[in-house]
Amino acid sequence: KDDGEGVMSRVVLFCFDLILPNDFVPTAHDGEVDYFFQWEMRDIAKSMDPKYEDPIKPNCYPVIIDFLIRSGCISPDSPKYLDVLRTLRSGSCM
């Protein structure tokens, strides 16, 4: 029986960056989340460590990694950069 642990689904996610005012406070209304919190970039990067006590679901990691690449926090000088980029960008959107 496959419990799905360690398995990634090949789905297409469309990510958008939404620039909000500094004083914007999101509120949860749809039942999908309990609350929102804000992290500094260094905290987001730290949360990717497998030993981190992480409140983020593993299926969110590709979106976070994509953001870290696009924002320059993960640079072409980073180990395995091209492998990670190739994996994120592989597949078809059709």
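Residues numbered from 1 in each chain as written. Predicted model: local features only at pLDDT ≥ 70, side-chain atom pairs only at ≥ 80, totals over all residues. Heavy atoms only, no water.

**What to know about unusual backbone geometry**
Even without glycine at this site, lysine 80 takes up a positive phi of about 60°. Mapped onto the secondary structure, lysine 80 falls in the loop between α2 (61-70) and α3 (81-89). According to the relative accessible area criterion, lysine 80 is exposed, its value standing at 61%. (Helix = DSSP H or I, 4+ residues; strand = E, 2+ residues; numbered from the N terminus. Buried < 20%, exposed > 50% of the residue type's maximum accessible area, 1.4 Å probe, protein only.)

**A look at the side chain of serine 47**
As for its position among the elements, serine 47 is in the loop between α1 (41-46) and α2. Overall, the relative accessible area of 0% leaves serine 47 in the buried class. At 2.6 Å, the side chain of serine 47 and the backbone oxygen of isoleucine 44 are in polar contact. (Polar contact = N/O pair within 3.5 Å; in protein donor to acceptor, adjacent residues only side chain to side chain.)

**Describing the packing of α2 against α3**
Contact geometry for α2 and α3: axes closest at 11 Å, N-to-C directions at 125°. By the criterion of interaxial angle, the relationship of α2 to α3 is oblique. Here α2 runs over α3; the crossing is left-handed. Facing Pro62, Ile65, Asp66, Ile69 and Arg70 of α2, the residues of α3 in contact are Tyr81, Val84, Leu85, Leu88 and Arg89. Taken together, the residues of the contact of α2 with α3 break down into seven nonpolar, no polar and three charged. (Axes fitted to C-alpha atoms, helices over the stretch in contact; angles between N-to-C directions. Parallel < 35°, antiparallel > 145°, perpendicular 65-115°, else oblique. Left-handed = near helix turned anticlockwise from the far one by under 90°. Contact = heavy atoms within 4.5 Å. Nonpolar A, V, L, I, M, F, W, Y, C, P; charged D, E, K, R; others polar.)

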